[in-house]
Each structure stands twice: as C-alpha cells, then as structure tokens.
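Read off the chains here:
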Amino acid sequence: MLSKNSYCIKSLHLLTSFVNHLECAHSRINSAVAKLFFDSEQLVVCVSGVESQQDYQDKLRGFTDAIADTNWTFVGPAYCLSSRDTAHSEMENYIATYGDQIDICLGFDDDLTMGCINAIEEAGLTGQIDVYSQMGMIEMVQAIRDGKATETLALPAYLNIAKVMEATEDCLNGKTPDNWFYAADYLFVTATENTDYEGDF
C-alpha cells in the first residue's frame with residue numbers, strides 16, 4: 001500500500017541522499033520532478049540519535065538547508081540516543097500534537113525509525129504518513145514491503161568495504177581520501193527499487 005505522497009517517491013530521494021550529497025542538495029531540489037512536490041505544504045517530524053554526534057548534525061543540516069525555501073514545516077528533531085523505545089514515545093508525542101496533519105516521518109537511523117513505525121501503526125495512521133529512514137536494516141526492508149515505510153537508504157557492507165579499500169589505497173599512495181562514510185555508494189530501497197535487497201543486519 002503506497003501512501004498519499006508516493007506519486008513523487010523519486011523526488012524524495014533527497015530526504016536521504018543529503019547524507020552524501022550535502023553540496024548538491026539545493027540543486028537537486030530544483031529538479032522538475034521535485035519542484036512539484038516541494039511546492040506543496042508538508043509537515044515533517046523527525047527523530048535523530050545523538051545531538052553531539054557529527055554525522056547526525058550533518059544529516060540535520062543537509063536536510064533543513066535543502067527545504068529552507070520550500071513550503072515544508074520541519075518539527076524536531078527529537079533526540080533519542082540509540083533507544084527505539086524513546087523514538088516510539090517521541091512519535092507518540094508528535095501524533096498527540098499533530099495527528100493526521102503529519103505528512104512525513106524522517107528518521108536518521110532505521111532502528112529509531114522502527115520505533116516510530118510502531119507508534120504510527122498503533123495510532124492507525126499506517127499508510128497516511130510517509131516514513132523515510134536510512135541504514136538498510138532487515139526489519140526496515142520488510143516494513144517497506146509491508147507498506148509501513150516508504151524508503152530507506154541502505155549502506156550495504158560490500159559497498160562500504162569497497163570504499164574502505166579505495167581509501168586505504170589512497171593513503172598508501174600519499175593521497176588524502178574522501179570521508180568514506182559520505183562518499184560511499186548507497187542503495188535506495190523502496191517498494192519498487194532495489195526490491196531484491198534483503199538488508200545487512
């Protein structure tokens with residue numbers, strides 16, 4: 001079951017691709033496909049991990065910068081450390097405050113986002129809120145197949161290993177490698193894309 005926003009699912013790769021495309025976030029948002037969606041009003045609620053951790057800061061900055069000139073309203077993030085239960089509670093709070101006005105739930109980690117999915121399901125809002133996340137956990141891939149989530153940005157181990165090997169070679173050759181985390185290749189997993197991906201853990 002695809003939710004109300006799924007007609008523009010490809011444009012929403014922006015929601016997760018900001019992780020390794022911070023520099024081109026603004027140019028991506030101006031694409032013809034994305035413009036239709038970003039001109040609409042959307043309420044986005046967000047859960048994140050550790051406030052002081054650099055990668056979470058980068059994800060937040062990349063996303064909020066990208067939607068700065070849109071009609072989107074961003075609420076959060078609620079910082080949940082590594083607790084799925086805390087993310088569940090924070091999503092319950094979002095639902096209590098905004099109810100069915102919520103268009104998108106954005107999670108910066110699949111484990112946390114699964115807590116949100118459970119809260120959304122308990123509230124009877126599955127399929128009404130688009131859920132976007134990243135990591136590529138087995139549970140999240142299954143949630144997408146079950147129509148409970150829209151997309152996860154998977155970081156398959158084989159792609160990360162390839163990037164580490166590339167960075168190692170650069171170091172041995174006296175070069176300064178790119179930050180492998182942001183430069184690594186990713187898989188966008190949706191109901192129609194990379195459907196054979198099973199998840200890494």
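Residues numbered from 1 in each chain as written. Predicted model: local features only at pLDDT ≥ 70, side-chain atom pairs only at ≥ 80, totals over all residues. Heavy atoms only, no water.

1. Topic: the packing of helix 6 (residues 110–122) against helix 7 (residues 138–145)
- For the pair helix 6 and helix 7, interaxial distance at closest approach is 9 Å and the crossing angle is 40°. With respect to each other, helix 6 and helix 7 are oriented oblique. As helix 6 runs across helix 7, the sense of the crossing is left-handed. For the pair helix 6 and helix 7, the contacting residues are D110, T113, M114 and I117 in the first and E139, M140 and A143 in the second. (Axes fitted to C-alpha atoms, helices over the stretch in contact; angles between N-to-C directions. Helix = DSSP H or I, 4+ residues; strand = E, 2+ residues; numbered from the N terminus. Parallel < 35°, antiparallel > 145°, perpendicular 65-115°, else oblique. Left-handed = near helix turned anticlockwise from the far one by under 90°. Contact = heavy atoms within 4.5 Å.)

2. Examining the pattern of salt bridges
- Applying the stated criterion across every chain yields a total of 4 salt bridges.
- As a salt-bridge pair, K148 and E121 come within 3.3 Å of each other at their nearest N and O atoms. Remark: E121 occurs in helix 6 and K148 occurs in the loop between helix 7 and strand 5 (151–154); sequence separation between them is 27 residues.
- R145 is paired through a salt bridge with E198; the nearest N and O atoms lie 3.4 Å apart. Of this pair, R145 sits in helix 7 while E198 sits in the segment after strand 6 (187–189), placing them 53 residues apart in sequence.
- By relative accessible area, which is 41% here, R145 ends up partly exposed.
- Put simply, R84, D111 and E139 are held in one network by salt bridges that share partners. (Salt bridge = Lys/Arg side-chain N within 4 Å of Asp/Glu carboxyl O. Buried < 20%, exposed > 50% of the residue type's maximum accessible area, 1.4 Å probe, protein only.)

3. So, the pairing of strand 3 (residues 104–107)
- The alternating pattern of strand 3 places I104 and L106 and C105 and G107 on opposite faces, both of which are buried.
- Both strand 1 (residues 42–48) and strand 3 contribute to a ladder of 4 bridges, which runs parallel. Bridging across to strand 3, V47 finds its partner in G107.
- Tracing the backbone out of strand 3, into helix 6 and back to the parallel element strand 4 (residues 130–135) gives a crossover that is right-handed. (Pairing = 2+ DSSP bridges. Right-handed = clockwise from strand over helix to strand, strands pointing away.)

4. Quick word on the sheet that holds strand 6
- If you walk across this open sheet you meet the 6 strands as 2-1-3-4-5-6, and the pairing is mixed. Two strands in the sheet have a free side with no partner beyond their single neighbour: strand 2 (72–79) and strand 6. Put simply, the sheet's adjacent strands are angled 15° from each other on average, direction ignored.
- Direction of pairing for strand 1 relative to strand 2: parallel, over a ladder of 6 bridges. Looking across to strand 2, one finds that V45 is bridged to V75.
- Of the strands in this sheet, strand 1, strand 2, strand 3 and strand 4 touch helix 4 (residues 54–66), which is tilted by about 170° from strand 2.
- In the packing of helix 5 (residues 84–98) onto the sheet, the strands contacted are strand 1, strand 2 and strand 3, and the crossing angle to strand 2 comes to about 145°.

5. Considering the confidence of the model for the protein chain
- Looking at the protein chain as a whole, the pLDDT averages 78, with 76% of positions reaching at least 70.
- The weakest mean pLDDT in the protein chain belongs to helix 2 (residues 25–29) at 40; the strongest belongs to helix 5 at 98.
- In this model, residues 14–33 is a region of pLDDT below 50 whose contacts with residues beyond four sequence positions or in other chains number 48 contacts. (pLDDT = per-residue confidence, 0-100.)

6. A look at the state of the cysteines
- In this structure the tally under the stated criterion is 0 disulfides.
- Of all cysteine sulfurs in the structure, the one in C105 sits closest to C116, which takes part in no disulfide; the separation is 3.9 Å.
- Residue class for C116 comes out buried when judged on its relative accessible area of 0%. (Disulfide = S-S within 2.5 Å.)

7. Topic: the environment of E193
- In this structure, E193 sits in the segment after strand 6.
- Sequence separation of E193 and E151 is 42 residues, and the distance between their C-alpha atoms is 9.3 Å.

8. Description of the packing of helix 5 against helix 6
- In contact at an axis separation of 7 Å, helix 5 and helix 6 are set at 45° when each is read in the N-to-C sense. Comparing the axis directions of helix 5 and helix 6 gives the class oblique. Viewed along their axes, helix 5 and helix 6 form a crossing whose handedness is right-handed. Within the contact between the two elements, helix 5 uses R84, A87, H88, M91, E92 and I95 and helix 6 uses D111, L112, M114, G115, C116, N118, A119, I120 and E122.
- For the contact of helix 5 with helix 6, the class distribution of residues is 8 nonpolar, 3 polar and 4 charged. (Nonpolar A, V, L, I, M, F, W, Y, C, P; charged D, E, K, R; others polar.)

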